[in-house]
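Secondary and tertiary structure notes
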Amino acid sequence: MRSIRYREAVREAIAEEMERDDSVVLLGEEVGHYQGAYKVTEGLLERFGERRIVDTPIAEAGFAGIGIGAALVGLRPIVEFMTWNFSFVAFDQIVQNAAKIFQMSGGTVKVPIVFRGPNGAARQVAAQHSHAVEPFYASVPGLLVVAPSIPRDAKGLLKSAIRDDNPVIFLEGETLYAIRGEVPDPSADELIPLGVARVAREGSDVTVVAWGRPYHTAMEAAERLAADGIACEVIDPRTIRPLDEETIVRSVRKTHRCVVVHEHWPYGGPGAEIVDRIQREAFDDLDAPVLRVSSLDVPMPYAAHLEERVLPSVERVVEAVRRVCYR
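One numbering rule holds for all chains: residues counted from 1, following each sequence as written. Where totals are concerned, whole chains, interfaces and linings use all residues; where local detail is concerned, this predicted model gives features only for residues with pLDDT of at least 70, and gives and counts side-chain atom pairs only at 80 or more. Derived side-chain values reflect all non-hydrogen atoms in the structure, with water molecules and hydrogen atoms excluded from consideration.

This part is about the pattern of salt bridges. Put simply, a salt bridge is a Lys or Arg side-chain nitrogen that is within 4 Å of an Asp or Glu carboxyl oxygen. Evaluation of the coordinates by the stated rule reveals 31 salt bridges. As a salt-bridge pair, Glu16 and Lys159 come within 3.0 Å of each other at their nearest N and O atoms. Of the two residues, Glu16 is situated in helix 1 (residues 6–20) and Lys159 in helix 7 (residues 151–163); the sequence distance between them amounts to 143 residues. Only protein chains enter the area calculation, which uses a 1.4 Å probe; residues under 20% of their type maximum are buried, those over 50% are exposed, and those in between are partly exposed. What makes Glu16 buried here is its relative accessible area of 17%. Of the residues examined, Lys159 reaches a relative accessible area of 1% and is grouped as buried. One salt-bridge network, in which partners are shared between bridges, spans Arg2, Glu12, Glu16, Glu17, Arg20, Lys155, Lys159, Arg163, Asp185 and Asp189. Helix numbers and strand numbers start at the N terminus; a helix is a DSSP run of H or I with at least 4 residues, a strand a run of E with at least 2.

Okay, here's the thing in structure tokens:
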């Protein structure tokens, strides 16, 4: 095990899969000569050459479509969006083509493609560039949606996503690229299966479900609450679709309370889906309503102090946990 940054974990996953399988290619804006907008793809052009690391024009619908076409003829493309809100320009390609071709071909045509890039709010990039896109893509049958919170999961899940025969939406928290974490040596070739949650912290009083950047907010809140005698069990779903319902429900049946923390807006989305599944599968075990802590229901402000007010905070998570614990 060694400590590396999140961006390095993503880079290692791409490089190792490209070394393992010649059909893996990477395309997107500035992934090659510029070394990636967030330096995730640094060094890959020199290592693999321009036939496999392809700089594209600023035309998301175009290069998303090229990636889907490449997947249909035997390649395993990784398509990088400079930020996930740019994928809205390619929404038709992702939803109408990538997600549906397998089913509409009667299972005869696979689409092994990974769409990846930074997701969620960054630091003062305002409403146009601060979307958490899980609600859009998790609602589409045919797409897998992955949202790793730590470097080890980012690497292991991306390797699994590249090897999967389905289109995968891979969401990398925009403010997570610099965080460090323990990751196995490359020789381990660790794969983390899609659809399996991680129990990040054991607890007995309340289950807190969180992924991406809010996972770290939840872990900090759990530390603060532990000082007051409240033991939080923190569950990181890691994969939003398919969702590991069993792990979440099992935890809620143990703690009898739950708070879901997510960065997307409160109306609908995976947060609401998790609450619905808990109330259906563990209603008789609940001692309090399931609460959510989300971003506020507004476009993201540019001002730093307002952005902090909009995003889920440690204080809001602590308050929600106290409410369900009647403390």
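Still more to cover.
Looking now at the packing of helix 9 (residues 245–255) against helix 10 (residues 269–281). The angle between the axes and the distance between the axes are what describe a pair of packed helices. Every axis corresponds to a line fitted to the C-alpha atoms, with the helix fit spanning only the stretch in contact, and the corresponding angles, defined between N-to-C directions, vary from 0 to 180 degrees. Between helix 9 and helix 10, the shortest axis-to-axis distance is 10 Å and the interhelical angle comes to 60°. Overall, the two elements helix 9 and helix 10 adopt an arrangement that is oblique. Crossing of helix 9 over helix 10 shows right-handed handedness. For the pair helix 9 and helix 10, the contacting residues are Glu245, Ile248, Val249, Val252 and Arg253 in the first and Ile274, Arg277, Ile278 and Glu281 in the second. In this count, Pro and Cys sit with the nonpolar residues alongside Ala, Val, Leu, Ile, Met, Phe, Trp and Tyr, while Asp, Glu, Lys and Arg are called charged and the others, Gly among them, polar. Within the contact of helix 9 with helix 10, the residues separate by chemical class into five nonpolar, no polar and four charged. Should an angle fall under 35 degrees it is taken as roughly parallel, and over 145 as roughly antiparallel, whereas 65 to 115 is taken as roughly perpendicular and any remaining angle as oblique. In a left-handed crossing the near helix is turned counterclockwise from the far helix by less than a right angle, and in a right-handed crossing that turn is clockwise. In this analysis, two residues are considered to be in contact whenever any of their non-hydrogen atoms come within 4.5 Å of each other.

Let's shift gears to the packing of helix 1 against helix 7. Relative to each other, helix 1 and helix 7 sit at 30°, their axes nearing to 8 Å. Taken together, the axes of helix 1 and helix 7 lie roughly parallel to each other. In this structure, helix 1 meets helix 7 at a crossing whose hand is right-handed. When helix 1 is examined against helix 7, the residues Tyr6, Ala9, Val10, Glu12, Ala13, Ile14, Glu16, Glu17 and Arg20 are found in contact with a partner set consisting of Pro151, Ala154, Lys155, Leu158, Lys159, Ile162 and Arg163.

This brings us to the state of the cysteines. Simply put, the disulfide is a covalent bond whose two ends are the sulfur atoms of two cysteines. Only a pair of cysteine sulfur atoms within 2.5 Å qualifies as a disulfide here. Under the defined criterion, the tally for this structure stands at zero disulfides. Cysteine Cys232 shares no disulfide, and the gap to the nearest cysteine sulfur, in Cys325, comes to 7.0 Å.

Two strands pair under a simple rule: DSSP has to find at least two bridges between them. Taken in spatial order, the seven strands of this open sheet run 3-2-4-5-7-6-12, and their pairing is mixed. At either margin of the open sheet sits one strand with a lone partner, and together these are strand 3 (53–55) and strand 12 (239–241). For this sheet, the mean angle separating the axes of adjacent strands, direction not counted, is 20°. Where strand 6 (residues 144–146) and strand 7 (residues 168–173) come together, three bridges link them in parallel fashion. Its bridge partner lying in strand 7, Leu144 is registered against Val168. Packing of helix 1 onto the sheet brings it into contact with strand 2 (24–28), strand 3, strand 4 (76–80), strand 5 (114–119) and strand 7, and relative to strand 7 it is tilted by some 150°.

This brings us to the side chain of Glu172. Relative to the helices and strands, Glu172 resides in strand 7. Not counting chain neighbours up to four residues away, the residues in contact with Glu172 comprise Tyr6, Val10, Arg116, Gly117, Pro118, Asn119 and Tyr177.

As a further point, take empty space enclosed by the protein. Here a cavity denotes a set of grid points, spaced 1 Å apart and computed over the protein atoms alone, in which a 1.4 Å probe fits but from which it cannot get out, and a pocket denotes an open set meeting protein on both sides within 12 Å along at least five of seven lines; residues with an atom within 4 Å of a point are reported as lining. Grid points are joined across faces, edges and corners, and a volume is the space filled by probe spheres set on the points. Going through the model one piece at a time under the given rule, you end up with three cavities of 30 Å³ or more. The space that makes up the largest cavity amounts to roughly 100 Å³. Lining the largest cavity are 15 residues, with Asn119, Glu134, Trp211, Gly212 and Arg213 positioned closest to its centre. Among the elements of the structure, strand 7 and helix 8 (213–226) are those that each provide at least two residues to the lining of the largest cavity. The element that contributes the greatest number of residues to the lining of the largest cavity is strand 7, accounting for three residues. The split into domains, and so the bounds of each, comes from an automatic or database assignment of domains. Residue contributions to the lining of the largest cavity reach at least three from each of two domains, namely domain 1 (3–188) and domain 2 (198–325). Estimates place the volume of the second largest cavity at around 50 Å³. Lining the second largest cavity are Glu16, Arg152, Lys155, Gly156, Lys159, Val183, Pro184, Asp185, Pro186, Ala188, Asp189 and Glu190. The element that contributes the greatest number of residues to the lining of the second largest cavity is helix 7, accounting for four residues. Grouping the amino acids of the lining of the second largest cavity by side-chain chemistry returns four nonpolar, one polar and seven charged.

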